[in-house]
Amino acid sequence: MATSAPVHPVDEVPPARQLAAFGLQHVLAMYAGAVAVPLIVGGAMKLSPADLAYLITADLLVCGIATLIQCVGFWRFGVRLPIMQGCTFAAVSPMVLIGTTGGGLPAIYGSVIVAGLAIVLLAPVFGRLLRFFPPLVTGTVILVIGISLLPVAGNWAAGGAGSSDFGEPKNLALAAFVLAVVLGVQRFAPVFLSRIAVLIGIVVGLAVAVPFGFTDFGGVGDADWVGVSTPFHFGAPAFEASAIISMLVVALVCMTETTGDFIAVGEMTGREVDRRSLSDGLRADGLSTVLGGVFNTFPYTAYAQNVGLVGMTRVRSRWVVAVAGGILVVLGLLPKLGAVVAAVPAPVLGGAGLVMFGTVAASGLRTLARVDFEDNHNLTVVAVSVAMGVLPVGVPTIYEKFPDSFQTVMNSGISAGCVTAIVLNLLFNHPPGRAGSPVAEPVGLAAGGVEDGVEKPREEVV
């Protein structure tokens with residue numbers, strides 16, 4: 001009697017109640033980052049509160065659509081892994097410059113559309129670069145991603161960058177409480193509850209935060225029930241050469257960062273990212289960015305915050321993240337619900353973020369554990385790459401005297417570390433004419449197979 005082939009954990013569909021809980025957990029993990037980009041850009045351009053609210057709802061809507069394209073996929077679009085999509089911070093500085101020097105939002109959206117089309121066209125070419133990402137490079141990049149995100153969690157834990165009570169002991173105490181709840185649930189709760197430890201931590205933290213005055217829901221009453229984003233709400237896009245060049249540099253940075261995120265999730269889920277799937281994923285990024293330019297929002301990329309959540313919970317189903325994308329679409333169409341989620345205070349997110357982002361860094365270390373460091377220069381590759389990746393995180397103003405194009409690449413710890421790792425690996429391990437160069441080494445997973453590159457869960461993954 002014939003038996004059907006086993007379904008990979010990435011393609012499994014959990015029960016409905018678990019899908020909803022896991023999906024909401026992903027939304028809460030990325031929400032603050034998702035709304036930060038429109039707030040920063042709109043604030044720098046001194047937009048009205050109504051226009052800011054419109055940017056946020058448009059962003060959430062396209063975030064959801066982009067996530068669905070990436071997870072579910074159609075034709076040659078979508079990596080079909082549990083990847084959340086959100087606005088990239090790499091584009092913030094160029095967009096603020098474009099928007100405040102006379103071009104305004106139409107010039108931003110024109111450059112975003114061109115950048116998205118460029119990503120779609122360059123995706124197959126970029127896919128051929130996958131051979132330059134052996135475990136030495138991928139492990140280093142994943143480690144840098146985790147380390148680069150930790151200051152974000154630290155700022156949240158302290159109350160949110162720029163807040164009047166930043167660093168107050170009460171903020172850090174709330175973050176520590178949420179962290180303790182997450183760890184306690186992971187350690188002592190049943191299997192299902194341990195997989196939504198972050199969601200439980202955020203809910204319990206919110207329940208504690210409200211009576212102590214950390215947040216209020218006053219903005220919920222002011223928000224509209226329904227809000228639909230229409231194409232080119234702020235006017236027809238303008239295509240200015242300088243703006244387009246700046247955004248094309250951002251597109252290359254996004255493709256580099258997204259490649260690192262794809263490989264990280266591939267490591268965690270046991271599904272190797274090959275040339276075709278990488279091209280499909282980058283092509284989806286480009287399509288989402290084009291949609292962003294049409295529907296009044298910004299360039300999109302994979303969100304590293306949620307990479308950590310996948311590694312921490314060991315829930316590998318892409319349908320969980322697809323449900324999260326559906327929730328974002330609903331939030332984008334119902335601003336009142338979005339205001340409820342926005343009421344979660346920063347310290348609550350900080351406590352959960354510490355363990356999530358730390359998990360990303362730990363996953364990088366796990367990948368590097370398979371690399372041979374004896375009688376070679378691999379330790380130097382890792383050391384210098386991590387140093388270059390952490391440098392702009394620890395000293396944010398270090399490159400402020402350099403040209404904008406250089407800052408766009410090197411001010412991102414992820415892209416700086418990734419570029420350094422690739423170059424040093426080529427320099428030390430692939431010199432010209434060297435016989436036996438391991439260029440064709442499998443990406444992400446060791447040659448021994450899937451199980452060599454994936455942490456064994458306590459029980460079967462949902």
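Throughout, residues of each chain are indexed from 1 in the direction in which the sequence is written. Where local features are concerned, this predicted model is filtered to residues with pLDDT of at least 70; where side-chain atom pairs are given and counted, the filter is 80 or more; whole-chain, interface and lining totals use all residues. The basis for the side-chain values is all heavy atoms of the structure; hydrogens and waters are excluded.

**As for the overall build of the chain**
Helical segments are the DSSP runs of H or I of at least four residues, strand segments are the runs of E of at least two, and each set is numbered from the N terminus. Broken down by element type, the chain carries 18 helices and 2 strands. Every one of the 462 residues in the chain was classed for burial, and the buried ones make up 56%. The method behind every accessible area is Shrake-Rupley, applied with a 1.4 Å probe, and residues are considered shielded solely by the protein chains displayed. Only carbon and sulfur atoms are counted for the fraction: they give 68% of the accessible area of the chain, which is about 18,500 Å². Residue burial is assigned from relative accessible area. The probe radius is 1.4 Å, only protein chains are included, and a residue is buried under 20% of its type maximum, exposed over 50%, and partly exposed in between.

**As for a nonpolar patch on the surface**
Patch rule: a residue counts if its relative accessible area is over 30% and it has no salt bridge; like charges are joined within 9 Å, and nonpolar side chains (Val, Leu, Ile, Met, Phe, Trp, Tyr) within 5 Å. A carboxyl oxygen of Asp or Glu within 4 Å of a side-chain nitrogen of Lys or Arg is what we treat as a salt bridge. Taken together, the side chains of L122, V125 and L252 present a nonpolar region at the surface, about 240 Å² in accessible area. The residue L252 is located in helix α10 (residues 241-269) in this model. L252 gets classed as partly exposed once you look at its relative accessible area, which sits at 44%.

**Things to note about helix α15 (residues 346-368)**
Count 3.6 residues to each turn of an α-helix, and residues three or four apart come out pointing the same way. With 23 residues, α15 extends 32 Å from end C-alpha to end C-alpha; this agrees with the ideal 33 Å at 1.5 Å per step. The bend at a residue is defined as the angle formed between two axes, one fitted to the seven residues ending at that residue and one fitted to the seven starting there. G353 marks where α15 bends most, by close to 35°. Judged by how many residues are buried, α15 sits mostly within the fold: 18 of 23 residues are covered. What a helix should span is 1.5 Å times the count of its residues minus one.

**A few points about the confidence of the model for the chain**
Confidence scores here are pLDDT values: one per residue, from the predictor, ranging 0 to 100. Per-residue pLDDT for the chain has a mean of 80; in total, 87% of the residues score no lower than 70. By mean pLDDT, helix α9 (residues 218-222) is the weakest element of the chain at 63, and helix α11 (residues 275-294) is the strongest at 92. Per-residue pLDDT stays below 50 along residues 434-462; that stretch engages in 64 contacts with residues further than four places along the chain or on separate chains. What makes two residues a contact is simply this: any of their non-hydrogen atoms within 4.5 Å.

**Quick notes on the packing of aromatic side chains**
Where two aromatic rings form a pair, the distance of their centres and the angle of their planes describe that pair. In summary, the pairing rule links any two rings of Phe, Tyr or Trp, Trp by its six-membered ring, whose centres are within 6.5 Å, and it sorts them by plane angle into stacked for under 30 degrees, edge-to-face for over 60 and tilted for everything else. For the structure shown, the criterion picks out 5 aromatic pairs. An angle of 20° between the planes, with centres 5.1 Å apart, marks the rings of F74 and F77 as stacked. Judged by relative accessible area, which is 42%, F74 ranks as partly exposed. Judged by its relative accessible area of 12%, F77 falls in the buried class. Ring centres of W75 and F77 lie 6.1 Å apart, and the angle between their planes is 40°; this geometry places the pair in the tilted category. Taken together through their ring pairs, the aromatic side chains of F74, W75 and F77 make up a single cluster.

**Some words on the pattern of salt bridges**
Side chains bearing opposite charge may pair, as long as their charged atoms lie close to each other. By the definition in use, this model includes 6 salt bridges. Note that R76 is salt-bridged to D280, the shortest N-O span being 2.8 Å. With R76 in the loop between α2 (49-71) and β1 (85-87) and D280 in helix α11, this pair connects stretches of sequence that are 204 residues apart. Of the residues examined, R76 reaches a relative accessible area of 22% and is grouped as partly exposed.

**With respect to the environment of G110**
Of note, G110 is situated in helix α4 (residues 104-127). For G110 and V294, which are 184 residues apart along the polypeptide, the C-alpha to C-alpha distance reads 8.7 Å.

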